Amino acid sequence: RTETGIKVMIKDGSEFQQTDITYSSLVFIRLFDYDEDGFLDLFAATYTTLSYALNDGNGNFQEFNQLITYDNYINDFRFADMDNDDDNDIIVYASGVNMYCHINNGSGDYSEIYNIDNVNSNITSTAISIVDIDDDGFLDIVLAGGFYLKLFHNHGDNTFDNIVLIDYYSIEEVFLGCRVGDLDLDGDKDIVYKLVEEVYWLENFGYEFSHLPIQICNSYNDIIRDESYRELFLSDIDNDGCADIVTGEHLSNQLLWQKNYFNQLKISGDVFFDENQDGVRNEDEQGFLHSQISLSPSSLASYTNQMGNFWFAVDEGDYLVEYQDLEFWGLSTAYENYNVEIGGSQNNIPDTCDFGFFPEFIIDSLDVDIVEGASICGNYTAFWLNISNYGTTMPSGIIELDLDPAYTILYSEEICDSVVNNKYYWSYEDLDFFGNINFPVYLNSPPIELIGNTLTSVLSVYVLDDEENIVAFSDTLMNIFTCAYDPNDKIVRPCDETGHNFIEPSQELEYIIRFQNTGNDTALNIYIYDYIETDLNRVTFELMSSSHSVYILRDNNQLTFRFDSIMLPDSGANQLLSNGYVKYRISPIDELNPLTVINNTAYIYFDFNNPIQTNTTVSTISCWINPEVPIIEVMENLLFISGDSFYYIQWYLNGSPIIGANDMYYSATSSGDYSVEVFNEFGCANWSGIFPFVYNSIKEDSVQRYVYPNPFTDELYIDLPDHSGISIAVLTDIKGAVINKFIITEDLKNLSDI
């Protein structure tokens, strides 16, 4: 297309024969064999007409003949056999109006027309892909234009389902085109779409499309380029059997090749509900979400996606693939684990590491929790309600939120069925195995007068079984209302007022990472990196809930939460929707020493900005190994305790520590209430009871004493032939300075034992 019309260049040997065709107001040109003579004819669209010029086979084109006329601007057109009658029909896009199909009657007559659906404006030359995306024998239409990515599913009878795959209306992000191809070599046709500065992959699982688009490339992570994508192609550039991605940039006039590595070494499989228990996943059998699969010796863990798929990218070598036990479920597939050899003569893409499960018990088991957002005084806050199904039924029932009277609901993404006082009700049906319900409710924040108060809200979920019995599951949120908040923070539970957050040795920890886009534009992708302390058992990690769809990877002790294509608006544009979170539980390793401190910090990346570091949470193992309780005894004015397991001792008088009184005994010099605190090697303490004591002057014992040998060097013996009971010996130097004190309970005492 030129400024004056069309330029045709036909190569003849090493030369090009050039023909110029004048054509005013030209919008699009296409090549298509209209008369089926084996030569490509020329089609041209103006604002209101679609015309064609026949090719005589020598590169000469006849005069243009008008084929279709429109009252509106023709945006684009395509040729495809939409009705399976072996001739090509014409799909026309009229800007701001509709998408039409002109049916070819077999003789080049396109007068029969039907309306497919309304389309948005801002359609680009790559906005439309026509392909049988579900392999039902009828061509479907994928449209990426305006704020929507849509699939028009063709029933073959001139009717289409209009399915919105992605909606960016709320953040006003515009689609600029798409292509369709099998990127991951699983036999399904995936969708690749482009925005202004990013290209994304939307995986086709065969049964449905992913809810989590994954960014493939962008034009703003290179400081040299700040570009917008104008073209998008799928082509196997390097002939390795994988469709690569080629993008064209507007200002730099560059073509960029994104190599596809999906045919490289990997291990993959499924975790699924084996309904017929035949050990094989059938097409209609449901996958399990977020099941943990571990890979040894790489110390990797993959968590299944919404279809139950998992995979690992690996090098050549030997690997062990294992699943995590699922409570209430038994394994139906043949192997409890898989020993996989990668490389050599083995298949380099093993995809049969499947784990099928069946219910061992019929039981309802729901995990219910509330996650609170940050509160802004005099404004609003958010509660996220989450219900996860870990049982072996697909329950239906009622959700009840009993709000603290300080709150009222401003808006809920799920419309309430009813409200009674400050209790809000929703119904749910047939919650999938390992499926979840998660939605936010936005609340008016309590008044400033309630700062410091504990506010209590309860989320209850009722299951109604076939016999109309009711089973209840609930979670109670008790939060201290404050107006000070950090929009990106980390919370640990259990917590206490001491700040040490003491837990039992085997007690689970719950972590919540909250984030908010406080920038000045939409956050397209958010990644959170969270290092698991070595004192935590990484195998016990379990995702509880998240505000948006998330992909999880664990590499040794590093957790990665990927919110691909989250499209989180900035707080200036939409304060309510600019927030998100992820919540998980994990347990300490066995038999940690008492008072072990477990720290945890997360790093939040908004697109390619520098990370935001959260606060560091603290949890402390309680004293599960304590010293024995000390018992105070007295002899005259000497107080003492017995035992040999004390690492440190401190005596107290009337509740105050006595400086320097750190021995098993203490020579009292005044009356009062004495007590003693003892510690073991971990720092755990125990207290004696209060010991009231009255001080008396002490007279020198008149008992006859014999000391020998005299003088002595290493050993001294004290003979007490006429004495029974307890005596006190004080060893001093020649100047009278006390070297040691000890209690004598035997007739003979060897000082070398002291």
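Residues numbered from 1 in each chain as written. Predicted model: local features only at pLDDT ≥ 70, side-chain atom pairs only at ≥ 80, totals over all residues. Heavy atoms only, no water.

Regarding the overall build of the protein chain
No. 1: Helix and strand counts for the protein chain come out as zero helices and 62 strands.
No. 2: Taken over 754 residues, the protein chain has a buried fraction of 47%.
No. 3: A fraction of 55% describes how many contacts in the protein chain between residues 6 or more apart in sequence connect residues 24 or more apart.
No. 4: Accessible area of the protein chain: about 37,100 Å², with a carbon and sulfur share of 47%. (Helix = DSSP H or I, 4+ residues; strand = E, 2+ residues; numbered from the N terminus. Buried < 20%, exposed > 50% of the residue type's maximum accessible area, 1.4 Å probe, protein only. Contact = heavy atoms within 4.5 Å. Areas by Shrake-Rupley, 256 points an atom, 1.4 Å probe, with all protein chains shown as cover.)

Concerning the sheet that holds strand β27 (residues 329-331)
In a beta sheet, neighbouring strands are held together by backbone hydrogen bonds and run either parallel or antiparallel to one another.
No. 1: Read from one edge of the open sheet, four strands run β25-β22-β29-β27, paired in mixed fashion. Both outer strands of the open sheet, β25 (309-313) and β27, are each paired with one neighbouring strand and no more. Pairwise comparison of adjacent strand axes, ignoring direction, gives a mean angle of 25° for this sheet. (Pairing = 2+ DSSP bridges. Axes fitted to C-alpha atoms, helices over the stretch in contact; angles between N-to-C directions.)

What to know about unusual backbone geometry
Excluding glycine, a negative phi dihedral is what most residues carry, and trans is how most peptide bonds are arranged.
No. 1: Of note, the amide linkage connecting S296 to P297 takes the cis form, showing an omega dihedral of 5°.
No. 2: The amide bond that connects R493 to the next residue, P494, takes the cis arrangement and shows omega of 5°.
No. 3: Residue placement: P494 occurs in the loop between β39 (489-493) and β40 (502-503).
No. 4: The backbone of D86 sits at a positive phi, close to 70°, despite the residue not being glycine.
No. 5: Mapped onto the fold, D86 is located in the loop between β7 (74-80) and β8 (89-94).
No. 6: Not every positive phi belongs to a glycine, and M567 is a case in point at roughly 50°.
No. 7: Checked against the element boundaries, M567 lands in the loop between β45 (558-563) and β46 (579-588).

With respect to the side chain of N517
No. 1: Mapped onto the fold, N517 is located in the loop between β41 (509-516) and β42 (526-531).
No. 2: Classification of N517 by relative accessible area gives buried; the value is 5%.
No. 3: When sequence neighbours within four positions are dropped, the list of residues in contact with N517 reads T522, A523, L568, P569, D570, S571, S578 and F606.

A word on the sheet that holds strand β55 (residues 665-667)
No. 1: Spatially, β51-β52-β55 is the arrangement adopted by the three strands of the open sheet, whose pairing is antiparallel. A single partner strand is all that each edge strand has here, and the edge strands are β51 (633-635) and β55. When the angles between neighbouring strand axes are averaged without regard to direction, this sheet yields 20°.
No. 2: When strand β52 (residues 638-640) meets β55, the two strands line up antiparallel, connected through three bridges. Looking at β55, one finds that F640 is bridged to Y665.

Regarding the environment of I163
No. 1: Following the sequence through the fold, I163 ends up in strand β14 (residues 160-167).
No. 2: Since its relative accessible area comes to 36%, I163 is described here as partly exposed.
No. 3: Here I163 is in contact with L149, K150, L151 and H153, once residues within four sequence places are set aside.

Notes on the confidence of the model for the protein chain
No. 1: Taken as a whole, the protein chain shows an average pLDDT of 85; of its residues, 88% reach a score of 70 or greater.
No. 2: Overall, residues 221-226 carries pLDDT values under 50, and its contacts beyond four positions in sequence, including any with other chains, amount to nine contacts. (pLDDT = per-residue confidence, 0-100.)

Notes on the packing of aromatic side chains
No. 1: Scanning all chains against the criterion turns up 45 aromatic pairs.
No. 2: With 5.1 Å between their ring centres and 70° between their planes, F288 and W329 make a pair best called edge-to-face. One end of the pair, F288, is in the loop between β22 (266-273) and β23 (292-296); the other, W329, is in strand β27, with 41 residues separating them in the sequence.
No. 3: Taken together through their ring pairs, the aromatic side chains of F273, F288, Y323, W329, Y335, Y338, F355, F357, Y390, F433 and F434 make up a single cluster.
No. 4: Residue placement shows K259 over the ring face of Y261; its charged tip is 5.1 Å from the ring centre. (Phe/Tyr/Trp six-rings, centres within 6.5 Å; stacked < 30°, edge-to-face > 60°. Lys NZ or Arg CZ within 6 Å of the ring centre and 35° of its normal.)

Things to note about the pattern of salt bridges
No. 1: For the structure on display, the rule yields 14 salt bridges.
No. 2: One salt bridge connects K583 with D369, and the closest N-O pair in it is separated by 3.3 Å. Of this pair, K583 sits in strand β46 while D369 sits in strand β30 (residues 366-372), placing them 214 residues apart in sequence. Of the two residues, K583 and D369, both sit in the buried class.
No. 3: The closest approach of N and O atoms between K583 and E510, which form a salt bridge, is 3.6 Å. With K583 in strand β46 and E510 in strand β41, this pair connects stretches of sequence that are 73 residues apart.
No. 4: When salt bridges with common partners are traced through the structure, they connect D367, E508, E542 and R585 into a single cluster. (Salt bridge = Lys/Arg side-chain N within 4 Å of Asp/Glu carboxyl O.)

Regarding the nonpolar core
No. 1: Grouped together as the largest cluster of nonpolar side chains are 31 residues, with contacts concentrated most on F515, I526, I528, F541, F561 and F563.
No. 2: Looking at this core, the elements with two or more residues in it are β24 (300-303), β41, β42, β43 (536-546), β45, β46 and β48 (602-606).
No. 3: For this core, the element with the most residues is β41, which contributes four residues.
No. 4: Leave out the neighbours within four places in its chain, and F561 touches I513, I526, Y527, I528, D530, F541, L543, V550, Y551, I552, V582 and Y584. (Core = buried A, V, L, I, M, F, W, Y, C linked by side-chain atoms within 4.5 Å.)

Quick look at the side chain of D87
No. 1: Its place among the elements puts D87 in the loop between β7 and β8.
No. 2: We note that D87 is buried and unpaired, the nearest opposite charge coming from R78 at a distance of 17 Å. (Lys, Arg positive; Asp, Glu negative; His and termini not counted.)

A few points about the pairing of β30
No. 1: Most of β30 sits out of view: seven of its seven residues are buried.
No. 2: Of the two faces of β30, both are covered, the one formed by L366, V368, I370 and E372 as well as the one formed by D367, D369 and V371.
No. 3: Where β30 lies against strand β31 (residues 380-389), seven bridges are found, and the strand directions are antiparallel. Looking across to β31, one finds that D367 is bridged to S388.

So, the pairing of strand β26 (residues 317-323)
Along any regular strand, the residues point their side chains to alternate faces of the sheet.
No. 1: Where β23 lies against β26, four bridges are found, and the strand directions are antiparallel. Paired with S294 across the two strands is E322, which belongs to β26.
No. 2: Bridge count between β26 and strand β28 (residues 337-342): six bridges; the pairing is antiparallel. Paired with E322 across the strands is N337, a residue of β28.

With respect to the environment of E542
No. 1: Mapped onto the elements of the fold, E542 is located in strand β43.
No. 2: C-alpha separation for the pair E542 and S587, spaced 45 residues apart in sequence, amounts to 9.6 Å.
No. 3: What E542 contacts, discounting residues up to four positions off in sequence, is Y390, Y584 and R585.
No. 4: Side chain to side chain, E542 and Y390 meet in a polar contact 3.3 Å long. (Polar contact = N/O pair within 3.5 Å; in protein donor to acceptor, adjacent residues only side chain to side chain.)

Quick notes on the environment of Y100
No. 1: As for its placement among the helices and strands, Y100 is situated in strand β9 (residues 98-103).
No. 2: Between the C-alpha atom of Y100 and that of F77, which follows or precedes it by 23 residues, the distance is 9.4 Å.
No. 3: Contacts of Y100, omitting those with residues within four sequence positions, involve Y70, I90, I91, V92, A94, I113, Y114, N115 and I116.

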